[in-house]
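One-letter residues, chain by chain:
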Amino acid sequence: MYKTLFIALLSVFTLNACQSQNTAEEQYVLPQKEYQEKMAAIGDLQLLDVRTPDEYNAGHIEGAELINFFDEDFVQQVESRFDKDEPLMLYCRSGNRSAKATAKLKAVGFKEIYDLKGGYKNWE
């Protein structure tokens, strides 16, 4: 009986913990309209495009600075050009690289990062 109760309680706590983590992560991945509104609301906008130079040259969001996610010194380049204490908006082509970039940048102290849901494909 105690074993069953323990398993039930453990399941509830685990489920709640996972739901809390998902909610916290999702609030920083914004659909295009909300992303644009956030861009407009931030005074000194820090906008980072993490795609390749070819992708950037084919089209990008006006004002975005390019730092290729695949560069070996990607994190160091971002740290040298952007303020960790100010909001950072970033995007890639589809959302995959920008999610990985967000994880790397949070690990080195960037506090507030906003990602374009679905990437640049959803911007056009």
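The structure we're discussing is the one just above.
Residues numbered from 1 in each chain as written. Predicted model: local features only at pLDDT ≥ 70, side-chain atom pairs only at ≥ 80, totals over all residues. Heavy atoms only, no water.

Q: Even after reading the chapter, I still don't get the sheet that holds strand S2 (residues 47-49), so can you show me in this structure?
A: Strand order in this open sheet of five strands is S1-S5-S4-S2-S3, and the pairing throughout is parallel. If you trace the sheet from one side to the other, it starts and ends with strand S1 (29-30) and strand S3 (65-66), each paired once. (Pairing = 2+ DSSP bridges. Helix = DSSP H or I, 4+ residues; strand = E, 2+ residues; numbered from the N terminus.)

Q: Would you mind showing me how to read the packing of aromatic side chains here?
A: Aromatic ring pairs are defined here through the distance separating the ring centres and the angle between the ring planes. Tallying each qualifying case throughout the model produces five aromatic pairs. Judged by centre distance (5.3 Å) and plane angle (70°), the rings of Phe69 and Phe74 are edge-to-face. Of the two residues examined, Phe69 and Phe74, each falls in the buried class. Connected via pairs of aromatic rings, a cluster forms that spans Phe69, Phe70 and Phe74. Sitting over the face of the ring of Tyr120, Arg51 holds its NZ or CZ atom 4.5 Å from the ring centroid. Sitting over the face of the ring of Tyr28, Lys106 holds its NZ or CZ atom 4.8 Å from the ring centroid. (Phe/Tyr/Trp six-rings, centres within 6.5 Å; stacked < 30°, edge-to-face > 60°. Buried < 20%, exposed > 50% of the residue type's maximum accessible area, 1.4 Å probe, protein only. Lys NZ or Arg CZ within 6 Å of the ring centre and 35° of its normal.)

Q: I would appreciate a short explanation of the pattern of salt bridges in the present structure.
A: Where charged atoms from two side chains of opposite charge approach closely, those side chains can pair. The final tally for this structure, using the stated rule, is seven salt bridges. Note that Arg51 is salt-bridged to Asp49, the shortest N-O span being 2.8 Å. For Glu55, the salt bridge goes to Arg97, with nearest N and O atoms at 2.9 Å. One end of the pair, Glu55, is in helix H3 (residues 53-58); the other, Arg97, is in helix H5 (residues 96-107), and 42 residues separate them in sequence. Neither Glu55 nor Arg97 differs from the other in exposure class; each is buried. (Salt bridge = Lys/Arg side-chain N within 4 Å of Asp/Glu carboxyl O.)

Q: For this particular structure, what's the right way to read the pairing of strand S5 (residues 113-116)?
A: Side chains on a regular strand alternate between the two faces of the sheet. The two faces of S5 match: Ile113 and Asp115 on one face and Tyr114 and Leu116 on the other face are all buried. Of the pairings in the sheet, the one linking S1 to S5 comprises two bridges and is parallel in character. Each bridged residue has a counterpart across the sheet, and for Leu30 the counterpart in S5 is Leu116. Direction of pairing for strand S4 (residues 88-91) relative to S5: parallel, over a ladder of three bridges.

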